[in-house]
Amino acid sequence: MQNKSIETINNDLLNKSFQSRSFNVLASPNFIKVEVSNICNLHCIMCPIDDIEAPKRKLTLDEFKHILSQFPFLTKIGLYGIGEPLNNPRIYEMIKICHDRNIETEFVSNATLFNETRINKLIEAGLSNIYISIDSVNPQKYESIRVGSNFEKVIQNLKTLIDCKKAANSKTPLIGISTVTMSENVKELIDIINFISTLEIDRLIITGLNTTYTEQNISIKQDFNQDLNKVLQLCKKINQSGKLKIKFFHENKAACSLPWNSVFITVNGDVTPCMNCADSSIISFGNIFQQNFLEIWNNQQYQNFRTSFRSQIPTVCKPCPDYSFDYLNSELPAKTSLVYDNTHNISCLNFTEVKTVYQINEPITIDLEDISQITSYSQVDLLVAIQRPDGRILYLTNDNSEPFSIYPKPFKKSRIKSKLRLLNLPKIPDTFQSGEYNFYAVYYKQNAPFSNLEKNIRSNIAKHTILISKDRLEGEANIYENTNRTN
Ligand SMILES: C[S@@+](CC[C@H](N)C(=O)[O-])C[C@H]1O[C@@H](n2cnc3c(N)ncnc32)[C@H](O)[C@@H]1O
Ligand code: SF4
Ligand code: SF4
């Protein structure tokens, strides 16, 4: 904990969990997708939208903030699922909240609802990346795939997006095109690439078809291989030369890491492993509006799902086009590279309802609770760290004569039985710097050296951020309060 940042430790743990295909993950996801609307104005032929029976709705801003509060280590968020994200009028505020927290944002859109006002609002909110779905550059073919859309209008909207970005002199959003490969367009991919190359586009992502509901397009693998290989050659050539970068699903498939580092959250709050599993009536690990995410992330169903990757392709993953399953035949890294809990139960630490904006001289209390039901770890030390606005880390002790230590010291030498008060100051002293304070808490193996936290970690790393302000502007405080709600 001393040399590496806590964010880095969380990322390393995510990687190690994936590499060892562990059944539990102590780290918190750094990338999630949140479905902000499951309502759509189109009926694309390959899309599962009309097969998914979940109630149609738009995510509220409060629900979005609640979701964000459950992912303290987020670096990137996809604001879309099955539906058109621009149907949600609160998407601009959602993007702004993420932008203010340095969380990269992106979404894919059918671009039918674009106009200058909306595009400028997206740019102003700080959207990082936007992808427009175009599956054919032949207007009739496009309109037969994207039923309800109009090719000319969508291309015009794309040009308006490029123009508005230029007029705003903004580096963001990065503009991309997303194309789904299917039997209808596989012979046209070269035309699509050539057409896109003439526009000022940064990325082209050519994905495979998820066949959960659509045609069993497995023939793509045999009959279309020749076409796909030609496309591959062209992609390689373009990637070497120009500004446009193409990502092609047929190339460099890797093992899927999403069950170990990411989640998809439907507009109704259901947690599934990915957007390829967007129908929560087929797979869902829990509901984030009803449970704390930490309880879902390592519950029995999630652990079973992760474990199943060790020996076979999980049934829900069979129609997935994006990942290779070759690794099933290769040897996995040693299990010992990660902490394994034989009882499948791990400890979950959570900061409870605490304010997020404080002023000097205000009283402050910070509480922590252990929400794990059962765990096999009883011999633990509790470490609590505070990162000050200048980046320095102090360790909270239970010793009144030295409440903060610059050296790691356990706050408590056992598990928490109920809620634990970590900090209780009648007044924040005016010697405190104003700015952001990050609170972290983690269990680790009793008496283990702090230098090797990753190996000795025994719970998630709980994180909570507060703002201490000397003379804050009312508006700024409101934004902060709104973006840091804890559950
Ligand atoms: C479901 S849409 C939601 C966003 C927006 N409505 C759009 O069409 O861009 C997200 C992406 O999934 C793609 N898609 C739809 N059906 C698919 C399928 N069966 N397999 C793979 N991708 C699919 C769409 O083309 C789009 O690029
Ligand atoms: S526009 Fe997007 S969400 Fe709507 S039907 Fe088409 S692919 Fe599905
Ligand atoms: S469906 Fe695909 S993306 Fe989702 S978990 Fe399975 S392999 Fe990964």
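Undergrad: Requested: an account of the overall build of the protein chain, with residues and values cited.
TA: Helices and strands together make up the secondary structure of the protein chain, namely 14 helices and 19 strands. Looking at the protein chain residue by residue over its 487 residues, the buried ones come to 38%.

Undergrad: Give me the lowdown on the sheet that holds strand β7 (residues 245-248), citing residues and values where you can.
TA: Pairing is mixed in the open sheet, where 10 strands are placed in the order β7-β6-β5-β4-β3-β2-β1-β8-β9-β10. On the outer flanks of this sheet lie β7 and β10 (286-287), each paired with one strand and no other. Pairing analysis gives four bridges linking strand β1 (residues 31-34) to strand β8 (residues 262-265), with the strands arranged parallel. From the neighbouring strand, I32 faces β8, where its bridge partner is V263.

Undergrad: Report on the packing of helix α3 (residues 91-100) against helix α4 (residues 116-125), specifying residues and quantitative values.
TA: Two elements in contact, α3 and α4, have axes separated by 8 Å at closest approach and are oriented at 20°. By the angle between their directions, the pair α3 and α4 is classed as roughly parallel. Between α3 and α4 lies a crossing of right-handed hand. In this structure, α3 uses Y92, I95, K96 and H99 to contact α4, whose residues at the interface are K121, L122 and A125. Looking at the contact of α3 with α4 residue by residue, the classes come out as four nonpolar, one polar and two charged.

Undergrad: Break down the nonpolar core for me, citing the residues and quoting the values.
TA: V34, A441 and V442 are the most contacted members of the largest nonpolar core, which has 109 residues in total. Here this core gets seven residues from one element, more than from any other, and that element is strand β18 (residues 435-445).

Undergrad: Lay out the site of ligand 1 with the relevant residues and their values.
TA: If you check the shell around ligand 1, you find 17 residues, and the closest are C47, V108, S133, S178 and N210. Broken down by secondary-structure element, the contributors of at least two residues to the shell around ligand 1 are β3 (104-109) and β5 (174-180). For the shell around ligand 1, the per-class residue count stands at nine nonpolar, seven polar and one charged.

Undergrad: Got a sec to walk through the pairing of strand β15 (residues 393-396)? Specific residues and values, please.
TA: The pairing of strand β14 (residues 380-387) with β15 spans three bridges and is classified as antiparallel. Bridging from a neighbouring strand, Q387 pairs with I393 of β15. In this antiparallel pair of consecutive strands, β14 and β15, the connection spans five residues, and G391 shows a positive phi of 95°. Alignment of β15 against strand β16 (residues 404-405), held across two bridges, turns out to be antiparallel. Bridge assignment links Y395 to a residue of β16, and that residue is S405.

Undergrad: Explain α4 to me, and be specific about the residues and the numbers.
TA: In an α-helix there are 3.6 residues to a turn, and that puts residues three or four apart on one side. Regarding α4, the residues found buried are I119, L122 and I123. For α4, the angular spread of the buried residues around the axis is 100°, confining them to a single face. Buried positions along α4 lie against α3 and α6 (151-167).

Undergrad: Can you tell me about the pairing of β1, naming the residues and giving the values?
TA: Here three bridges tie β1 to strand β2 (residues 76-78), and the two strands are oriented parallel to one another. If you follow F31 over to β2, its bridge partner there is K76.

Undergrad: Tell me about the sheet that holds β18, and please be specific about residues and values.
TA: Spatial ordering of the open sheet is given by β12-β19-β18-β14-β15-β16, a layout of six strands whose pairing is mixed. Both edges of this open sheet fall to β12 (357-359) and β16, since each of them pairs with a single strand only.

Undergrad: Explain unusual backbone geometry residue by residue, including any values.
TA: Between T172 and the following residue, P173, the backbone shows a cis peptide bond with an omega angle of 0°. By the element assignment, P173 lies in the loop between α6 and β5. Of note, R21 is a non-glycine position whose phi angle comes to about 50°, a positive value. Here R21 is to be found in the loop between α1 (6-19) and β1. The phi torsion at N361 lies on the positive side, around 80°, for a residue other than glycine. Mapped onto the elements of the fold, N361 is located in the loop between β12 and β13 (364-370). Among the residues examined, N361 registers 12 C-beta atoms within 10 Å and is labelled exposed.

Undergrad: Could you give me a rundown of the confidence of the model for the protein chain, with the residues and numbers involved?
TA: When pLDDT is averaged along the protein chain, the result is 88; 89% of the residues meet or exceed 70. Under a pLDDT of 50 for its full length, residues 482-487 has, in the predicted model, 19 contacts with residues more than four places off or in other chains.

Undergrad: Please set out the environment of G242 residue by residue, giving values where relevant.
TA: Relative to the assigned elements, G242 resides in the loop between α9 (225-241) and β7. Distance from G242 to S197, taken between C-alpha atoms, is 8.7 Å for residues 45 residues apart in sequence.

Undergrad: How would you sum up the environment of Y444? Please name residues and give values.
TA: Here Y444 shows up in strand β18. By C-beta crowding, Y444 is classed as buried, having 25 other C-beta atoms within 10 Å. Linking Y444 and Q379, residues 65 residues apart in sequence, is a C-alpha distance of 8.7 Å. For Y444, the contacting residues outside a window of four places in its chain are V380, D381, L383, L453, N456, I457 and R458.

Undergrad: Could you give an account of the packing of α4 against α6, with specific residues and numbers?
TA: The contact between α4 and α6 brings their axes to 10 Å, and the two run at 50°. The orientation of α4 with respect to α6, classified from their angle, is oblique. The hand of the α4/α6 crossing is right-handed. Here E116, I119, N120 and I123 of α4 lie close against α6, whose contacting residues are T160, L161, C164 and K165.

Undergrad: An account of the environment of F64 is needed here, citing residue identities and associated values.
TA: Inspection of the secondary structure assignment puts F64 in helix α2 (residues 61-69). Classification of F64 by C-beta neighbours within 10 Å gives buried; the count is 23. Expressed as a C-alpha distance, the spacing of F64 and V34, which sit 30 residues apart in the sequence, is 8.4 Å. Beyond its immediate stretch of four places on either side in the chain, F64 contacts V34, L59 and M94.

Reading the values: the criteria
Residues numbered from 1 in each chain as written. Chains lettered and ligands numbered in written order. Predicted model: local features only at pLDDT ≥ 70, side-chain atom pairs only at ≥ 80, totals over all residues. Helix = DSSP H or I, 4+ residues; strand = E, 2+ residues; numbered from the N terminus. Buried ≥ 20, exposed ≤ 12 C-beta atoms within 10 Å, placed from the backbone. Pairing = 2+ DSSP bridges. Axes fitted to C-alpha atoms, helices over the stretch in contact; angles between N-to-C directions. Parallel < 35°, antiparallel > 145°, perpendicular 65-115°, else oblique. Left-handed = near helix turned anticlockwise from the far one by under 90°. Contact = placed C-beta atoms within 7 Å. Nonpolar A, V, L, I, M, F, W, Y, C, P; charged D, E, K, R; others polar. Core = buried A, V, L, I, M, F, W, Y, C linked by C-beta atoms within 7 Å. Near = placed C-beta within 6 Å. Arc of directions from axis to C-beta. pLDDT = per-residue confidence, 0-100.

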